[in-house]
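What follows is each chain in one-letter form.
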Amino acid sequence: MKAAQIVTPKEPLQIKDLDIPKVSDVEVLVKVTAAGVCHSDLHLWEGGYDLGDGTFLKVTDRGVKYPVTPGHEIVGTVAEIGNNVQGISVGDEVLVYPWLGCGECPACKVGDENLCDTPRSIGLFQNGGYAENVKVPHYKYLAKISGIDLDAATSLACSALTAYTAVKKANVNSPEFLVTIGAGGLGLMGIQIAKAITNAKVICVDLDDKKLETAKEMGADYVVNSNIIGSVTTGSGNAAQKITSITNNKGADSVIDFVNAPQTVKMGLAVLRKRGNLVLVGLFGGSFELSLVTIPLKAITIQGAYTGNYSDMLKLIELAKKGIINPIISKRYSLDQANIALENLRARKIIGRAVIKP
Ligand code: NAD
Ligand code: ZN
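Calculation notes
- Residues numbered from 1 in each chain as written.
- Chains lettered and ligands numbered in written order.
- Predicted model: local features only at pLDDT ≥ 70, side-chain atom pairs only at ≥ 80, totals over all residues.
- Heavy atoms only, no water.
- Pairing = 2+ DSSP bridges.
- Helix = DSSP H or I, 4+ residues; strand = E, 2+ residues; numbered from the N terminus.
- Axes fitted to C-alpha atoms, helices over the stretch in contact; angles between N-to-C directions.
- Contact = heavy atoms within 4.5 Å.
- Donors = N, O, S within 2.8 Å, 3.2 Å for Na, K, Ca; no water.
- Buried < 20%, exposed > 50% of the residue type's maximum accessible area, 1.4 Å probe, protein only.
- Parallel < 35°, antiparallel > 145°, perpendicular 65-115°, else oblique.
- Left-handed = near helix turned anticlockwise from the far one by under 90°.
- Nonpolar A, V, L, I, M, F, W, Y, C, P; charged D, E, K, R; others polar.
- 1 Å grid on protein atoms, 1.4 Å probe; cavity = no way out; pocket = protein on both sides within 12 Å on 5 of 7 lines; lining within 4 Å.
- Points joined across faces, edges and corners; volume = space filled by probe spheres on them.
- Near = heavy atom within 4 Å.
- Polar contact = N/O pair within 3.5 Å; in protein donor to acceptor, adjacent residues only side chain to side chain.
- Areas by Shrake-Rupley, 256 points an atom, 1.4 Å probe, with all protein chains shown as cover.
- Sits in = over half its atoms within 2 Å of the grid points.

**Structural notes on the sheet that holds strand E11 (residues 201-206)**
Argument step 1. Strand order in this open sheet of six strands is E12-E11-E10-E13-E14-E15, and the pairing throughout is parallel. What marks the edges here is a single partner per strand, and that holds for strand E12 (222-225) and strand E15 (301-304). Within the sheet, the average angular offset between the axes of one strand and its neighbour, ignoring direction, is 20 degrees.
Argument step 2. Taken together, the five bridges between strand E10 (residues 177-181) and E11 define a ladder with parallel strand orientation. Residue leucine 178 lies in a different strand from E11, and its bridge partner there is valine 202.
Argument step 3. Where helix H5 (residues 185-197) meets the sheet, it contacts E10 and E11, and its direction lies at approximately 175 degrees from that of E11.
Argument step 4. Packed onto the sheet, helix H8 (residues 262-271) meets E10, E11, strand E13 (252-257), strand E14 (272-280) and E15 and runs at close to 155 degrees relative to E14.

And the structure:
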């Protein structure tokens, strides 16, 4: 079978001819229909994360082994099942839950495998969906899907799921104003989910007017271009000031930062009101010095959000079936075009998500 693999970080992915994985016991082989191209695939391709001050967290130090097939947003058809698989049959259309844990640590025991101490995620620690087939280690990580567009359903495994976790964390004390930073794959889902499950007015921030136009279509009440120079959306002026004035100078109740770089986090902190919540999601990374006194004086909460659990993925499938959330798939690539897909995502040319169709 064909697979697009990262063999060496920063080098082009290689199209390899690999053996189709054999499945036994509780394992399932899924023939991939579509795999979402997440910005996290870019971090994996780059070899890790920017910790700031010139330091870099290598994914190999977290247990990733190259060569690896990326792709954690996977929809496909069940091609083969092990002899102890239950409730799943050959031919079923399924969404793969990729955030596999050890099953034994405190997080896994309460169903939060995404927060496992020793994660085994598909498309990161084991081969993922940029391939004709993917092996899923247990049938319990599959969800049958019907009545939703299969390409769009890929987003429910990461971009929508992560956004859902973040919005839930931001939705405390009935926020009146919720700021979302970054209107990419995650951010656009964040807006839709925030409009669906909170009563907040959503203010979306991005550098790119095209993304902000889509953000408005997805339900953002206000949009602010933080790259003020050259922006037709907001004209001149400081983005933090613009946001604060939208909130009638009270400040935002919650900020979800889907970028999480020094300039965005600084802006998030600047616009946050007393008792506010800052939820950090993005992995763009970096670091900056934090002035400590304002945190207790304003009694703000700063927290991280990492993907989501299986039961929330099922809830998102229901929201998508009802049309309450609609992941945007704007580009489709073949497996041979995996490098182009990643380059285009890096160049901010993708609206919403692109998928690879092996
Ligand atoms: P994306 O490339 O689709 O979107 C990023 C968006 O951010 C783009 O619209 C871009 O224009 C905008 N942007 C970039 N820099 C900006 C800045 N300085 N100010 C304002 N806007 C800016 O990426 P994505 O797939 O949505 O992922 C976003 C980030 O979240 C990535 O770092 C990704 O790795 C990370 N991520 C985290 C989790 C998690 O569980 N915490 C899960 C998936 C992805
Ligand atoms: Zn992802």
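Having put the structure on the table, let's press on.
**As for the coordination of the zinc ion (ligand 2)**
Argument step 1. For the zinc ion (ligand 2), the full set of protein donor atoms is Cys38 (SG), His72 (NE2) and Cys158 (SG), and the range of their distances to it is 2.0 to 2.2 Å.
Argument step 2. Read from N- to C-terminus, the donor residues coordinating the zinc ion (ligand 2) fall into the pattern C-x33-H-x85-C. One end of the pair, cysteine 38, is in the loop between strand E3 (28-36) and helix H1 (39-46); the other, histidine 72, is in the loop between strand E5 (55-58) and strand E6 (73-81), and 34 residues separate them in sequence. Histidine 72 shares its class with cysteine 38; the two are buried.

**Quick look at the packing of helix H4 (residues 159-170) against H5**
Argument step 1. At a closest axis distance of 8 Å, the pairing of H4 and H5 adopts a crossing angle of 50 degrees. With respect to each other, H4 and H5 are oriented oblique. Viewed along their axes, H4 and H5 form a crossing whose handedness is right-handed. Every residue of H5 that contacts H4 at Ser159, Ala160, Thr162, Ala163, Tyr164, Val167 and Lys168 is listed here: Gly185, Leu186, Met189, Gly190, Ile193, Ala194 and Ile197.
Argument step 2. The residue inventory of the contact of H4 with H5, partitioned by class, reads nine nonpolar, four polar and one charged.

**What about the layout of surface pockets?**
Argument step 1. Approximately 800 Å³ is the volume attributed to the largest pocket.
Argument step 2. In terms of lining, the largest pocket is formed by 42 residues, of which the most central are His39, Gly182, Phe258, Val259 and Phe284.
Argument step 3. Of all the secondary structure elements, the ones that give two or more residues to the lining of the largest pocket are H1, H5, E11, H8 and helix H11 (338-346).
Argument step 4. A breakdown of the residues in the lining of the largest pocket according to their chemical character gives 21 nonpolar, 15 polar and six charged.
Argument step 5. What the second largest pocket holds in volume is close to 440 Å³.
Argument step 6. As for the second largest pocket, its lining consists of 28 residues, and the residues nearest its centre are Leu51, Asn260, Gly282, Leu283 and Gly285.
Argument step 7. Of all the secondary structure elements, the ones that give two or more residues to the lining of the second largest pocket are strand E4 (48-52), H8 and E14.
Argument step 8. The residue makeup of the lining of the second largest pocket, split by class, is 19 nonpolar, seven polar and two charged.

**Notes on the site of ligand 1**
Argument step 1. Close to ligand 1 lie 29 residues; His39, Ser40, His43, Asp206 and Thr307 are nearest.
Argument step 2. Taking lysine 211, its side chain carries an N or O atom lying 3.2 Å from an oxygen atom of ligand 1.
Argument step 3. Burial of ligand 1 by the protein amounts to 96% of the accessible area it has alone, namely 860 Å².
Argument step 4. One can see that ligand 1 is located within the largest pocket.
Argument step 5. Only H1, H5 and H8 provide two or more residues apiece to the shell around ligand 1.

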